[in-house]
Amino acid sequence: MKTNKTAHQRPVVMVIGGQDPSGGAGLQADIESIMAAGCHAVTVLTAVTVQDSASVADFMVMEPELVLAQMKTVMADFPIAAVKTGMMGSAGNIAAVSDWLKQNSKAPLVVDPVLASNEGDRLAIDDLVPAYREKLLPIATIATPNSEELERLAPAAKGQSKAAAELLALGCDHVLVTGGHGKTGKIHNRLYSRNGKTSEMSWPRLAHEYHGSGCTLASAAAAQLALGEKVKPALTIAQAYTYQALVKGERLGKGQWIPFRKS
Ligand code: PLP
């Protein structure tokens, strides 16, 4: 992976998401992935979750005013080279964050549309799909839905390529659909771009379920964009990094395996 050995200062990546006390997903996954790439993470908390490596028991979502206040404070202090969103928790948070970023940020934006946990547990107080479609996806450089999230974000579209095209038509520049949640022998991640190009990367399916694989991938991609990589190489590096983090993952708790996000 590209690490920041020559630049004078580490690029700063702003991540907006929830805290997962198991350390598998959420802001901890973001920080670890971003550090591994040689960048610094500034972290805007949207929600506190109560979860272990197996399931989500509860969560509390921050009010949009508090999320915005955190963003404004770090954005006034640091030069933000890329932004990544994860768990937003409410439609109000998506609207507040999107409106602010649209007016005040030119940094590339990676949107991991978190609608539920890997195990299907709820992670939002209301239906996030309209807010993602109307607010956050239109300003995204890259969206990283898994195949189930894609179906929920574009329910009327028939098939993956039509659903991805629908998200691109909303304004998003690139859609990386990850296939980790299926049952096939290989994982196929497909990149759809607004210029009409598509490409695919395939990975052997690992034997276990992992906590925070999507967070790891999206944050690693944001870090590569912050380092100056273009979208396609950034995603290639981020996918290879995520695959290695999963290969090296361990079952530290009693549930899903925890990625090992060393560089
Ligand atoms: N953010 C938080 C705080 C979470 O708890 C979870 C899942 O449990 C996610 C994000 C989504 O994780 P991923 O997309 O990596 O499965």
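What counts and how
Residues numbered from 1 in each chain as written. Predicted model: local features only at pLDDT ≥ 70, side-chain atom pairs only at ≥ 80, totals over all residues. Heavy atoms only, no water. Helix = DSSP H or I, 4+ residues; strand = E, 2+ residues; numbered from the N terminus. Rg over C-alpha atoms; globule rule 2.2 N^0.38 Å. Buried < 20%, exposed > 50% of the residue type's maximum accessible area, 1.4 Å probe, protein only. Lys, Arg positive; Asp, Glu negative; His and termini not counted. Charge placed at Lys NZ, Arg CZ, Asp CG, Glu CD. Disulfide = S-S within 2.5 Å. Salt bridge = Lys/Arg side-chain N within 4 Å of Asp/Glu carboxyl O. Expected span 1.5 Å × (residues − 1). Arc of directions from axis to C-beta. Contact = heavy atoms within 4.5 Å. Pairing = 2+ DSSP bridges. Axes fitted to C-alpha atoms, helices over the stretch in contact; angles between N-to-C directions. Near = heavy atom within 4 Å. Polar contact = N/O pair within 3.5 Å; in protein donor to acceptor, adjacent residues only side chain to side chain. Areas by Shrake-Rupley, 256 points an atom, 1.4 Å probe, with all protein chains shown as cover.

Q: Before we move on, could you go through the overall build of the protein chain and cite the residues and values that matter?
A: Tallying secondary structure elements over the protein chain gives 8 helices and 9 strands in all. Taking 263 residues into account, the globule formula puts the C-alpha radius of gyration at 18 Å, and the protein chain, at 17 Å, falls close to it. In terms of principal-axis extent, the alpha carbons of the protein chain reach across some 45 × 40 × 40 Å. When burial is assessed residue by residue, the protein chain has 53% of its 263 residues classed as buried. Charge-centre separation for the protein chain: the mean point of 26 positive side chains lies 9 Å from the mean point of 24 negative side chains.

Q: A description of the state of the cysteines should follow, citing residues and the corresponding values.
A: Evaluation of the coordinates by the stated rule reveals 0 disulfides. Sulfur of C39: no disulfide; nearest cysteine sulfur belongs to C215 and is 17 Å away. Here C172 is not cross-linked by a disulfide; its sulfur's nearest cysteine counterpart is in C215, at 18 Å.

Q: Give me the pattern of salt bridges: which residues, what numbers.
A: A full pass over the atoms with the stated rule returns 6 salt bridges. Note that K135 and D99 form a salt bridge whose closest N and O atoms lie 3.0 Å from each other. One end of the pair, K135, is in helix 4 (residues 129-136); the other, D99, is in helix 3 (residues 91-104), with 36 residues separating them in the sequence. With its nearest N and O atoms 2.5 Å apart, the salt bridge here joins R190 to E200. In this pair, R190 is assigned in strand 8 (residues 186-193) and E200 in strand 9 (residues 198-204), connecting sequence segments 10 residues apart.

Q: Break down helix 2 (residues 64-77) for me, citing the residues and quoting the values.
A: Here helix 2 contains 14 residues, and its C-alpha end-to-end distance of 20 Å stays within 8% of the 20 Å for a straight helix at 1.5 Å per residue. Those residues of helix 2 that sit buried are P64, V67, L68, M71, V74 and M75. The arc that holds the buried residues of helix 2, viewed along the axis, is 140 degrees, so those residues lie on one side. Exposed residues pointing more than 90 degrees away from the buried face of helix 2 are listed as E65, T73, A76 and D77. Taken together, the buried residues of helix 2 touch strand 1 (12-19), strand 2 (40-51), strand 4 (80-85) and helix 3.

Q: Quick rundown of the sheet that holds strand 2? Include the residues and the values.
A: Strand order in the open sheet formed by 9 strands is 3-2-1-4-5-6-7-8-9, and the pairing between neighbours is mixed. With one partner strand each, in any of the chains shown, strand 3 (56-61) and strand 9 form the two edges of the open sheet. Summarising the sheet, strand 2 and strand 3 pair through 5 bridges and their orientation is antiparallel. Each bridged residue has a counterpart across the sheet, and for V48 the counterpart in strand 3 is M60. The strands touched by helix 1 (residues 26-36) are strand 1, strand 2 and strand 4; relative to strand 1, the strand with the most contacts, the crossing angle is about 155 degrees.

Q: Break down the site of the ligand for me, with residues and values.
A: In the vicinity of the ligand there are 14 residues, among which Q51, N118, G212, G214 and C215 approach most closely. Note that an oxygen atom of the ligand is positioned 2.5 Å from one of the side-chain N or O atoms of Q51. The separation between an oxygen atom of the ligand and a polar main-chain atom of S213 is 3.4 Å. Relative to its unbound accessible surface of 390 Å², the ligand loses 96% to contact with the protein.

Q: Describe helix 6 (residues 160-170), with residues and values.
A: By the burial criterion, the buried members of helix 6 are A163, A164, L167 and L168. Relative to the axis of helix 6, the buried residues are bounded by an arc of 145 degrees and lie together on one face. Exposed residues lying more than 90 degrees from the buried face of helix 6 are K162 and A169. Check the buried side of helix 6 and you find it contacts helix 5 (147-153), strand 7 (174-177) and strand 8.

Q: Describe the environment of V247, and please don't skip the residues or the numbers.
A: On the secondary structure map, V247 appears in helix 8 (residues 231-247). Linking V247 and P259, residues 12 residues apart in sequence, is a C-alpha distance of 7.7 Å.

Q: Give me the lowdown on the side chain of S90, citing residues and values where you can.
A: Residue placement: S90 occurs in the loop between strand 4 and helix 3. In this structure the side chain of S90 is engaged in a polar contact, spanning 3.0 Å, whose partner is the backbone nitrogen of N93. For S90, the residues in contact, after removing those within four places along its chain, are V61, I125, D126 and L128.

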